[in-house]
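# Analysis of the macromolecular model
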Amino acid sequence: MILNGEDALKKHLKQNMPARLYFIYGDEDYLKSNYSMLIASKITDTSGSGFNFYQFNSEMTFDMFYEACESLPMMADRICVFVKDMPLNKLTDAELKDYEKLLSDLPETTTVIFSMVTVQVDKNTAKWKNIIDMFSKYGVCAELSKRNMQSMVKMLVSRAGQAGCSISPQNAQYLINVVGDDLNRLLGEFDKVSAYASSREITAHMIDEVAVRSVETSVFDIAKAINSADGDKAYRLLGELLKQKTEPTLIVGVLAGEYADLYRMKIAGKYGGSLREISTEFSYKNREFRLKNASRLCKSYSEKRIKKVMEAIADTDIKIKTSGADKTMILEELIAKLLLLMGKTR
């Protein structure tokens, strides 16, 4: 069985007893971790003193796994074998066959959970596709993607009430835009802001005072400053990122993504492609706002100009990775080039 999304998994857990086998993957670490532990807690005590909870990581051997799966529960109905972040795609075909043989005939008193919290599962590769097929044949595969904006806003408004303060939907969305949509990071920053607000309403000013901006947000602001001919702001934001020890390659990579959005929407407009088509083709699920921003902005620039910007970013990426030149200077040179290429300087 394959379950697509949080709602499908939530419905499954509400309507059914836990299955014997789960494979949890996707691009939202917070949801993968929380739901994996929720399933485990439905089966047995997951505390350190739990006799029926066997927890393993990537160092697990097949013999260890086999012995745990075949164990009998102690003073309970079931045991849970919890495997976190095991890179199954690195196993040989023969090793995977051994796992499949065991997983296909698990004892009735055993539930196995493979939780891919930090391991990235690329379901487009043959190896991972076969692994997903194997788990869905004998158990439940649940893919947990990032929540959409509406869902995250609702969560923050509710969390504020639980913390004894309040936040408007508009400011909840502002916080998400500032710190990013990674739930681990978002909830951490929200808790800081709510503690600062105490029993008051959380304002945009409080968010600016307390929350740490994500690299993505800061780089987006750099691109916005470049497109607005505000060189001073672009250099200041770059300096803040470097002061935070942000890797130059990461800055360049995120900047490349910002202009890739522009280019994709420019080409879509040229050939009559829709935002939905671009979102599906390039996996923008729950990130459609990026394309909406790019769709508005790309009208001001020619396809040729955007391509030159992307070439300059690509050249900078190579220079950072291969030359011994000062990386800060290389990035500052890139900002200067982009200000010139976008046809506006200050």
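Scroll up to find the structure.
Residues numbered from 1 in each chain as written. Predicted model: local features only at pLDDT ≥ 70, side-chain atom pairs only at ≥ 80, totals over all residues. Heavy atoms only, no water.

A separate point is the overall build of the chain. Counting secondary structure elements, the chain contains 16 helices and 8 strands. C-alpha extents for the chain along the principal axes are approximately 75 × 55 × 45 Å. For the chain, with 346 residues in total, the buried portion stands at 45%. Summarising the internal contacts of the chain: among those between residues at least 6 apart in sequence, 73% fall at separations of at least 24. A total of about 18300 Å² of accessible surface is found on the chain, and carbon and sulfur atoms cover 50% of it. The averaged location of the 46 negative side-chain charges in the chain is 7 Å from the averaged location of its 48 positive side-chain charges. (Helix = DSSP H or I, 4+ residues; strand = E, 2+ residues; numbered from the N terminus. Buried < 20%, exposed > 50% of the residue type's maximum accessible area, 1.4 Å probe, protein only. Contact = heavy atoms within 4.5 Å. Areas by Shrake-Rupley, 256 points an atom, 1.4 Å probe, with all protein chains shown as cover. Lys, Arg positive; Asp, Glu negative; His and termini not counted. Charge placed at Lys NZ, Arg CZ, Asp CG, Glu CD.)

It is worth spelling out the sheet that holds strand β4 (residues 79–84) at this point. Reading across from one edge, β1-β6-β2-β5-β4-β3 is the order of the 6 strands in this open sheet, with parallel pairing throughout. A single partner strand is all that each edge strand has here, and the edge strands are β1 (2–4) and β3 (53–56). Averaged over all adjacent pairs, the angle separating strand axes in this sheet is 15°, with direction ignored. Examined bridge by bridge, β4 and strand β5 (residues 110–115) share 6 bridges and lie parallel to one another. Opposite valine 81, over in β5, you have valine 112 as the bridge partner. Of the strands in this sheet, β1, β2 (21–26), β5 and β6 (140–144) are in contact with helix α5 (residues 126–138), which crosses β2 at around 140°. (Pairing = 2+ DSSP bridges. Axes fitted to C-alpha atoms, helices over the stretch in contact; angles between N-to-C directions.)

With that settled, consider the environment of lysine 127. By the element assignment, lysine 127 lies in helix α5. Considering only alpha carbons, one finds lysine 127 and leucine 88, 39 residues apart in sequence, at a separation of 8.9 Å. When near neighbours in sequence (up to four residues on either side) are disregarded, lysine 127 contacts Asn89, Leu91, Asp93 and Leu96.

This part is about the side chain of serine 194. Topologically, serine 194 is positioned in helix α8 (residues 183–197). Non-local contacts of serine 194, meaning those with residues more than four positions away in its chain, are made with Ala163, Cys165 and Ile202.

Before going further, it helps to spend a moment on the environment of aspartate 29. Relative to the elements of secondary structure, aspartate 29 occurs in helix α2 (residues 29–43). On the accessibility criterion, aspartate 29 (21% relative accessible area) is partly exposed. Linking aspartate 29 and valine 117, residues 88 residues apart in sequence, is a C-alpha distance of 5.2 Å. Every residue in contact with aspartate 29, bar those within four places of it in the chain, is listed here: Val117 and Asn184.

Turning to the packing of aromatic side chains, a few remarks are in order. Across all of its chains, the model carries 9 aromatic pairs by this definition. Residues phenylalanine 23 and tryptophan 128 carry aromatic rings whose centres are separated by 6.3 Å and whose planes lie at 35° to one another, so their mutual orientation is tilted. Within this pair, whereas phenylalanine 23 is found in strand β2, its partner tryptophan 128 is found in helix α5, the two being separated by 105 residues in sequence. Assigned by exposure class, phenylalanine 23 and tryptophan 128 land together as buried. What links up through ring pairs into an aromatic cluster is the set Phe23, Tyr25, Phe62, Phe65, Tyr66, Tyr99, Phe114, Trp128 and Phe135. The ring of tyrosine 196 carries arginine 200 above its face, with NZ or CZ at 5.9 Å from the centroid. (Phe/Tyr/Trp six-rings, centres within 6.5 Å; stacked < 30°, edge-to-face > 60°. Lys NZ or Arg CZ within 6 Å of the ring centre and 35° of its normal.)

This part covers the packing of helix α10 (residues 215–227) against helix α12 (residues 248–271). Remark: α10 packs on α12, axes separated minimally by 9 Å, with the N-to-C direction vectors making an angle of 60°. Judged by the inter-axis angle, α10 sits oblique to α12. The hand of the α10/α12 crossing is right-handed. Contacts from Val215, Glu216, Val219, Phe220, Ala223, Ile226 and Asn227 of α10 reach α12 at Leu250, Ile251, Val254, Leu255, Glu258 and Tyr259. Classifying every residue of the contact of α10 with α12 gives 10 nonpolar, 1 polar and 2 charged. (Parallel < 35°, antiparallel > 145°, perpendicular 65-115°, else oblique. Left-handed = near helix turned anticlockwise from the far one by under 90°. Nonpolar A, V, L, I, M, F, W, Y, C, P; charged D, E, K, R; others polar.)

Counted according to the given criterion, the structure contains 13 salt bridges. Ionic pairing is found between lysine 129 and aspartate 133, a salt bridge with its closest N-O pair at 3.5 Å. In this pair, lysine 129 and aspartate 133 both sit in helix α5, 4 residues apart, roughly one turn of the helix. Assessed through its relative accessible area of 36%, aspartate 133 is described here as partly exposed. Between lysine 146 and aspartate 181 there is a salt bridge, with its nearest N and O atoms 3.9 Å apart. With lysine 146 in the loop between β6 and α6 (149–162) and aspartate 181 in the loop between α7 (169–179) and α8, this pair connects stretches of sequence that are 35 residues apart. (Salt bridge = Lys/Arg side-chain N within 4 Å of Asp/Glu carboxyl O.)

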